[in-house]
Amino acid sequence: MTVNTIDINVDVGEGVGNESQLMPYISSCNIACGGHAGTIDLMMHIVRLAKKHNVKIGAHPSFPDKENFGRVVMKMSNQELLNSIQKQLLNLLTIIEEEQTTLHHIKPHGALYNLAAVDENVAKVIVKAVKNINLPVKLYVPYNSVIASVAIEQGVEIMFEAFADRNYNDDLTLVSRSQKNAVIQDFDMLFNHVYGMFYSKKVVTVQGTIKTIKADTFCVHGDNPNAVKIIKQLKDKLKSLNIDVA
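Let me begin by describing the structure that accompanies this report. In this numbering scheme, every chain counts its residues from 1 along its sequence in written order. Confidence filtering applies because this is a predicted model: local features only for residues at pLDDT of at least 70, side-chain atom pairs given and counted only at 80 or more, and all residues used for totals across whole chains, interfaces and linings. Side-chain descriptors were evaluated using all non-hydrogen atoms of the structure, hydrogens and water having been removed beforehand.

1. Things to note about helix H2 (residues 40-52)
Numbered from the N terminus, helices here are DSSP runs of H or I no shorter than four residues, and strands are runs of E no shorter than two. Helix span, as expected, comes to 1.5 Å for every residue beyond the first. Taking 1.5 Å of rise per residue, 13 residues should cover 18 Å, and H2 covers 18 Å from first to last C-alpha, within 8% of that figure. Here the term buried applies to any residue with accessible area under 20% of the maximum for its type, exposed to any over 50%, and partly exposed to those in between, with areas from a 1.4 Å probe on protein chains only. Those residues of H2 that sit buried are Met43, Met44, Ile46, Val47, Leu49 and Ala50. Tucked into the core, H2 has its buried residues touching strand E1 (4-12), helix H1 (19-22), strand E2 (28-32), strand E3 (56-60) and helix H3 (78-98). Just beyond H2, the residue with positive phi is Asn54, at close to 55°. For this analysis, residues touch if any pair of their heavy atoms sits within 4.5 Å.

In structure tokens:
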């Protein structure tokens, strides 16, 4: 008998092409909607896949920067950033409407996600974009972040997100991808990392400190070369402990 459920999310539509393999093992997905990656045809394909597998659909807007895959902070005015995010959301919402399904959540990508975690100005722009679509969607945000506080203040429902395959620093920021220990490669380490955050609400940082963290959803990066294998193993291991991915 299942006693607990866990939400596993993956960023998709970013050119890897493994979505059909991932969908059977995940419970929510974040679809690139034209900022850092994504085309209308690809968005439509993934929305249909998500519907087929009963996977919750999320939008994954970013800085409008395909050249740097949304991983570099862009200097934009508030209005320019708001317009870009809203355009990206509309790209996906048009398809979702055509496919007669619903948008469950919004999760910023890359540099936009990281900046909103610490920058109130950028956080407010994202929250405004979420409110402007006037739909009952959730916002995936890091625990104890600026954007979490702004969203709560403005009545936007949040889900705290943690990263299954990434290491954390003492301040709960992710270890930079420029560091060789940024990504967790060993499955046993990855599982213990996830289980500790899920069950004990604790994470061991790369500095060796035990920190409190809350997570309602866990992300495995879809561009990880072993993403499909990792997620299948993770789902199987969780199921053996009566934890269902849902």
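2. Quick look at the pairing of strand E5 (residues 138-142)
Taken across its five residues, E5 has four buried, putting it largely inside the fold. The pairing criterion is simple: DSSP has to find at least two bridges between the two strands. Relative to E5, strand E4 (residues 105-106) is paired through two bridges, and the arrangement is parallel. Paired with His105 across the strands is Lys138, a residue of E5. Once the chain exits E5 it traverses helix H6 (residues 146-153) before rejoining the sheet at strand E6 (residues 158-163), and the crossover so formed is right-handed. A crossover gets the label right-handed when its path from the first strand over the helix to the second runs clockwise, viewed with the strands pointing away from the viewer.

3. Section: helix H5 (residues 120-132)
Between its first and last C-alpha, H5 extends 18 Å over 13 residues, near the 18 Å set by a 1.5 Å rise per residue. Of the residues making up H5, those classed as buried are Val122, Ala123, Val125, Ile126, Val127, Ala129 and Val130. Considering only its buried residues, H5 is in contact with H3, E4, helix H4 (110-116), E5 and H6. Between a side-chain oxygen at the N-terminus of H5 and the backbone nitrogen of Asn121 the separation is 2.9 Å; the capping residue is Asp119. Downstream of H5 by a residue or two, Asn134 has a phi angle that is positive, lying close to 55°. A 3.5 Å cut-off defines polar contacts: any pair of N or O atoms within that distance qualifies, except that in protein one atom must be a possible hydrogen donor and the other a possible acceptor, and neighbouring residues in sequence count only when both atoms are side-chain atoms.

4. Concerning the pattern of salt bridges
Between Lys or Arg on one side and Asp or Glu on the other, a salt bridge is scored when a side-chain nitrogen of the former is within 4 Å of a carboxyl oxygen of the latter. Scanning the entire structure with this criterion turns up eight salt bridges. Salt-bridge contacts for Arg48 lead to Glu99; the nearest nitrogen and oxygen are separated by 3.0 Å. Here Glu99 lies in the loop between H3 and E4 and Arg48 lies in helix H2, a separation of 51 residues in the sequence. Residue Glu120 pairs with Lys124 through a salt bridge whose shortest N-O separation is 3.4 Å.

5. Observations regarding the pairing of E2
In terms of burial, E2 is a largely internal element, five of the five residues being buried. Burial along E2 is two-sided: Ser28, Asn30 and Ala32 and Cys29 and Ile31, pointing in opposite directions, are all buried. As paired strands, E1 and E2 are joined by four bridges and run parallel to one another. Within the sheet, the bridge partner assigned to Val10 lies in E2 and is Cys29. Of the strand pairs in this sheet, E2 and E3 are connected by five bridges, and their pairing is parallel.

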